[in-house]
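# Overview (structure and organization)
Single-letter residue listing:
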Amino acid sequence: MIWNKEMECMDLENLKNIQSERLKKTAEYVYKNSPFYKKKMDQKGVHPDDIKSIDDIVKLPVTIKEDMRDCYPFKLFSAPLKEVSEIHVSSGTTGNFTVVGYSREDIRLWAEVMARALACAGAEPGDMIQIAYGYGLFTGGLGFHYGAMEMGLTIIPVSSGQTKRQLKLMNDFKPKILACTPSYCLYMAEEAREIGMDPRKSSWQIGSFGAEPWSESMRKEIESTWDMTATDVYGLSEITGPGVAHECAYKKGLHIFSDVFYPEVIDPKTLKSVKKGETGELVITTLNKKGMPLLRYGTRDVVSINYERCACGRTSPRISKILGRTDDMIIVRGINVFPSQIEHVLLSIEGIKPHYQLVVDRRAGELDELEVVVEVEEKIFSDEMKSLRALEEKIKKEIGSTLGIFAKVKLVEPKTIERSEGKAKRVIDKRAL
Ligand code: DLL
């Protein structure tokens, strides 16, 4: 089914009119209510009156992740704090989180786009969904929850983890839909086999998988392992969380709900728009948010956009699967990790040298694995094994408590890691994506 035919199948001329109206209102709204955007727009010499149509969007300033950090915690909110009904955060490079504030209307809007997303996946009112994305500050669990409520699904709000319990719930309650990260879905298959369960006999028929990069070959693997249809969901906390775009049954790109989130694709170096259909950085403007609207937010996700009408009937443009990132953020088991965060932890520990590499790997059927390879001082290396092991444990513990992830640690002798005259290669991503 198509959740909102009017908006999702609208002819492009009408869509453009709506986008233009909404952009004008958003530009006026942020100029009036956000000192941050007033300053940015003044600096760029653009006034809300200059925005007459969606094509004028290029006159508006871009917003980047660093702006969000500089505005920590609430300076990017356009609505007064008392009108912000929910706050989410996402991890970042330095100590500060990226904070997002939603007004009551924003939450309703999130529920609406997530209901559209779930319909894209193939859900229908009355179906049962197992939500195995994390609930809490991460947007995955609650975003799916709001959309499922809006659609009238029966929700199992299990959150992520506790795999045996996930499998028991699936077995006993027989939900049709599974929502979790693609790597977790595959990990659950391993556990299922271990306890003598045949994944192909599961009740899950549809999966809505996202929050991390995954490939077509991983889709095949999931579909054949679980005998289910695997669809891709894209979103980011800054814009709303999940529900920015979703694949339909044709799986030929993710429909971006562009009456709400206006997409542009730019060349990250020149910041100019690329030609239609070319690949570049996805930039999104929120067209009717109130708590924390964003103008031209650089997602750093690399995509191309297809504007042709889809065989499903939707006219909303389709972004390609995320092809990569323009920065160095890596996503391990759905958690965003910046090399500099690890660096920060490493360098706070005595005996560690500032030469390290992060090796990310994903063996078939297993969760992503992060190994931190780091050089230690000569004298530690000549100590007995016991002190090396103790140091490894200390690093693991620090990374775990600071970043919330498990990493293997390999200590190596000085000068083991290759040096570079330019940028150091911090990440070796061996995942075949
Ligand atoms: O990951 C929101 C989300 C939750 C999306 C559940 C889908 C499902 P953040 O934690 O802010 O938000 O991370 C956002 O994750 O900029 C992408 O780099 C990456 N990402 C999200 N979805 C996909 C996807 C949530 N389908 C960052 N494919 C984004 C590849 C994805 N990367």
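Shown above is the structure to which this text applies.
Calculation criteria
Residues numbered from 1 in each chain as written. Predicted model: local features only at pLDDT ≥ 70, side-chain atom pairs only at ≥ 80, totals over all residues. Heavy atoms only, no water. Helix = DSSP H or I, 4+ residues; strand = E, 2+ residues; numbered from the N terminus. Rg over C-alpha atoms; globule rule 2.2 N^0.38 Å. Buried < 20%, exposed > 50% of the residue type's maximum accessible area, 1.4 Å probe, protein only. Areas by Shrake-Rupley, 256 points an atom, 1.4 Å probe, with all protein chains shown as cover. Lys, Arg positive; Asp, Glu negative; His and termini not counted. Charge placed at Lys NZ, Arg CZ, Asp CG, Glu CD. Pairing = 2+ DSSP bridges. Near = heavy atom within 4 Å. Polar contact = N/O pair within 3.5 Å; in protein donor to acceptor, adjacent residues only side chain to side chain. Phe/Tyr/Trp six-rings, centres within 6.5 Å; stacked < 30°, edge-to-face > 60°. Lys NZ or Arg CZ within 6 Å of the ring centre and 35° of its normal. Arc of directions from axis to C-beta. Contact = heavy atoms within 4.5 Å. Axes fitted to C-alpha atoms, helices over the stretch in contact; angles between N-to-C directions. Parallel < 35°, antiparallel > 145°, perpendicular 65-115°, else oblique. Left-handed = near helix turned anticlockwise from the far one by under 90°. Nonpolar A, V, L, I, M, F, W, Y, C, P; charged D, E, K, R; others polar.

## Notes on the overall build of the protein chain
Scanning the protein chain for helices and strands turns up 12 helices and 21 strands. Rg of the C-alpha trace for the protein chain: 23 Å, near the compact-globule value of 22 Å for 433 residues, within the 12% margin. Based on the C-alpha atoms only, the size of the protein chain along its principal axes is roughly 70 × 55 × 45 Å. The buried share of the protein chain, reckoned over its 433 residues, is 56%. Accessible area for the protein chain stands at about 19,500 Å²; split by element, carbon and sulfur atoms hold 51% of it. Of note, the protein chain has its 63 positive side-chain charges centred 1 Å away from the centre of its 63 negative side-chain charges.

## Topic: the sheet that holds strand 6 (residues 206-210)
With respect to topology, nine strands assemble into an open sheet ordered 4-3-5-6-7-8-9-14-13, the strand pairing being mixed. The outermost strands of the open sheet, each flanked by one partner alone, are strand 4 (154-156) and strand 13 (305-306). Here three bridges tie strand 3 (residues 128-131) to strand 4, and the two strands are oriented parallel to one another. Considered in strand 4, the bridge of methionine 128 is made with threonine 154.

## Some words on the site of the ligand
Asp232, Val233, Ser237, Asp301 and Arg325 are the nearest of the 22 residues found near the ligand. Here a nitrogen atom of the ligand and a backbone polar atom of glutamate 212 are 3.2 Å apart. Coverage of the ligand by the protein amounts to 96% of the 610 Å² it exposes when considered alone. For the shell around the ligand, the elements supplying multiple residues, two or more each, are helix 6 (139-151) and strand 7 (229-236).

## Here we look at the sheet that holds strand 11 (residues 280-286)
The four strands lie next to each other as 10-11-12-15, forming an open sheet whose pairing is antiparallel. For this open sheet the edge positions go to strand 10 (261-266) and strand 15 (324-325), each flanked by a neighbour on one side alone. Note that strand 11 and strand 12 (residues 297-303) share four bridges and pair antiparallel. Its bridge partner lying in strand 12, glutamate 281 is registered against valine 302.

## Description of the pairing of strand 2 (residues 98-103)
Across the six residues of strand 2, six count as buried, placing the element largely inside the fold. Residues of strand 2 alternate between two faces, with Thr98, Val100 and Tyr102 on one and Val99, Gly101 and Ser103 on the opposite face, all of them buried. Alignment of strand 1 (residues 84-90) against strand 2, held across six bridges, turns out to be antiparallel. Bridge pairing in strand 2 places serine 90 opposite threonine 98.

## Points about the packing of aromatic side chains
Applying the stated criterion across every chain, the model contains eight aromatic pairs. Aromatic side chains tryptophan 110 and tyrosine 146 sit 5.5 Å apart centroid to centroid with 65° between the ring planes, which places their arrangement in the edge-to-face category. Residue tryptophan 110 is located in helix 5 (residues 104-121), and its partner tyrosine 146 is located in helix 6; the two are separated by 36 residues in the primary sequence. As far as burial versus exposure is concerned, tryptophan 110 and tyrosine 146 are alike and both buried. Taken together, Tyr102, Trp110 and Tyr146 form an aromatic cluster joined through their ring pairs. Here the guanidinium or amino end of lysine 276 rests over the ring plane of tyrosine 307, the centre of that ring lying 4.5 Å away.

## Side note on helix 10 (residues 339-347)
Residues that lie three or four places apart on an α-helix share one face, since the helix turns once every 3.6 residues. Within helix 10 the residues assigned to the buried category are Pro339, Gln341, Ile342, Val345 and Leu346. Seen from one end, helix 10 has its buried residues packed into an arc of 160°, which puts them on one side. Structurally, helix 10 contributes buried residues whose contacts are with strand 17 (335-337), strand 18 (352-361), strand 19 (369-376), helix 12 (385-403) and strand 21 (427-429).

## Looking at unusual backbone geometry
A cis amide bond links tyrosine 72 to the next residue, proline 73, at an omega of -10°. With respect to the helices, strands and loops of the structure, proline 73 is situated in the loop between helix 4 (65-70) and strand 1. Positive phi, normally seen in glycine, also occurs at lysine 174, with a value near 60°. Mapped onto the elements of the fold, lysine 174 is located in the loop between helix 7 (163-173) and strand 5 (177-180). A residue is classified by how much of its surface remains accessible, and lysine 174, at 52% relative accessible area, is exposed. With phi around 50°, arginine 333 is a residue other than glycine that occupies positive phi space.

## Points about the side chain of serine 320
Topologically, serine 320 is positioned in the loop between strand 14 (318-319) and strand 15. Serine 320 sits in the buried class, given a relative accessible area of 16%. Not counting chain neighbours up to four residues away, the residues in contact with serine 320 comprise Leu254, Val303 and Ser304.

## Structural notes on the packing of helix 10 against helix 12
The geometry of helix 10 relative to helix 12 is characterised by a closest axis approach of 10 Å and an angle of 130° between their N-to-C directions. In terms of axis orientation, helix 10 runs oblique to helix 12. Note on packing geometry: the crossing formed by helix 10 with helix 12 is right-handed. On helix 12, the residues that touch Gln341, Ile342, Val345 and Leu346 of helix 10 are Ile395, Glu398, Ile399, Thr402 and Leu403. Looking at the contact of helix 10 with helix 12, its residues break down into six nonpolar, two polar and one charged.

## Details of the environment of isoleucine 156
Summarising the element assignment, isoleucine 156 is placed in strand 4. Residues isoleucine 156 and proline 293, spaced 137 residues apart in sequence, show a C-alpha to C-alpha distance of 31 Å. Discounting chain neighbours no more than four positions away, the residues touching isoleucine 156 are Met128, Ile129, Gln130, Ile131, Leu169, Phe173 and Pro175.

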